[in-house]
Amino acid sequence: MSAWGGVQAFADDRPEFAVEYAHASTIGDFSTDENLVGFADFVFHGTVVGKKGTTEIDGMPETQWAVKVNEVFEGTLQAGSTTVVNQTGGYDQDTNSLTLMEGDLPLEIGESYVFATHSMSDRSWFTMVPVYGAQPVGSTTLPFPAADDMDGDGQRTVADHWKQMVRDQVAPDVGAGDGPEPTDEPTEQPSDVPTGSPEPTDPAE
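Overview of the structure. In this text, all values refer to a predicted model and were calculated from it rather than measured experimentally.

Parameters and conventions
Residues numbered from 1 in each chain as written. Predicted model: local features only at pLDDT ≥ 70, side-chain atom pairs only at ≥ 80, totals over all residues. Heavy atoms only, no water. Helix = DSSP H or I, 4+ residues; strand = E, 2+ residues; numbered from the N terminus. Buried < 20%, exposed > 50% of the residue type's maximum accessible area, 1.4 Å probe, protein only. Polar contact = N/O pair within 3.5 Å; in protein donor to acceptor, adjacent residues only side chain to side chain. Salt bridge = Lys/Arg side-chain N within 4 Å of Asp/Glu carboxyl O. Pairing = 2+ DSSP bridges. Contact = heavy atoms within 4.5 Å.

## A few points about the environment of Asp 33
Next up, step 1: Following the sequence through the fold, Asp 33 ends up in helix H1 (residues 33-39).
Next up, step 2: Accessibility expressed as a relative area gives 16% for Asp 33, which makes it buried.
Next up, step 3: Taking the C-alpha atoms as reference, Asp 33 lies 9.4 Å from His 161; in sequence the two are 128 residues apart.
Next up, step 4: A polar side-chain atom of Asp 33 sits 3.2 Å from a polar atom in the side chain of Gln 135.

## Topic: the pattern of salt bridges
Next up, step 1: Under the counting rule described, the total for this entry stands at three salt bridges.
Next up, step 2: Note that Asp 148 is salt-bridged to Arg 167, the shortest N-O span being 2.9 Å. Taken together, the residues span a long stretch of sequence, with Asp 148 in the loop between strand E8 (134-136) and helix H2 (158-167) and Arg 167 in helix H2 at a distance of 19 residues.
Next up, step 3: Given the relative accessible area of 29%, Asp 148 is considered partly exposed.
Next up, step 4: Its relative accessible area of 48% is what places Arg 167 among the partly exposed residues.

## Remarks on the pairing of strand E4 (residues 82-92)
Next up, step 1: Taken across its eleven residues, E4 has ten buried, putting it largely inside the fold.
Next up, step 2: Examined bridge by bridge, strand E3 (residues 60-74) and E4 share seven bridges and lie antiparallel to one another. Considered in E4, the bridge of Ala 66 is made with Val 84.
Next up, step 3: Strand direction decides the pairing type here: E4 and strand E7 (residues 126-128), joined by two bridges, are parallel. Bridge pairing in E7 places Val 85 opposite Phe 126.
Next up, step 4: Here four bridges tie E4 to strand E5 (residues 97-101), and the two strands are oriented antiparallel to one another. Bridge pairing links Gly 90 to Thr 99 in E5.
Next up, step 5: What sits between the antiparallel neighbours E4 and E5 is a turn of four residues, in which Asn 96 has the positive phi angle 55°.

## Some words on H2
Next up, step 1: Of all ten residues in H2, eight are buried; the element is thus mostly enclosed.
Next up, step 2: Within H2, burial applies to Val 158, Ala 159, Asp 160, His 161, Trp 162, Gln 164, Met 165 and Val 166.
Next up, step 3: Taken together, the buried residues of H2 touch H1, strand E2 (42-57), E3, strand E6 (112-119) and E8.

## Thoughts on the side chain of Gln 164
Next up, step 1: Here Gln 164 is to be found in helix H2.
Next up, step 2: On the basis of relative accessible area, Gln 164 is assigned to the buried category, the value being 12%.
Next up, step 3: Among the polar contacts listed, one links the side chain of Gln 164 to the backbone nitrogen of Asp 148, at a separation of 2.7 Å.
Next up, step 4: Apart from the residues lying within four places of it in its own chain, the contact partners of Gln 164 are Ala 146, Ala 147, Asp 148 and Met 150.

Keep in mind that these numbers describe shape and distance, not what the molecule does.
In structure tokens form, the structure reads like this:
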């Protein structure tokens, strides 16, 4: 919880801490990985290494995380690089509340996920698909018996599954959306996140 904004464990003048949920009404059905990958621009396995920044758009907090890229399934990110993943939701210090998309969970520093994200040319981060855009996966070498053997090595792994999903991706029926995408720069700029190109393939701070 502290990574989301330094929630204090002692009483102060702020309201009592609360968790609020917002309904994800802006996009289509991503409950299948084929649809999820069909919508995403970048699909990769990465480890959250720190909180990068926060911003707020129309009262909705957005949280940016520094993520080390471990393996790339779709898109032009490089394994071993550090990028920025934006998650809709976050901690508001004034109201002492944590807002999350309904059905979503906050990312955790030190944990690894398969990220499904999309990018915009007017921002410096990749935005997760709500709810399904960060699936906890400790290692992509774990067995996944239902997957095709995409590498031909006799093993069926998590990595094979996501490579198969990229191959078999389906463009989902996506709604127009209700609100603007965040364009404000993060308010926190940690020194351990390297500066890159402003191009979506290597987002800058």
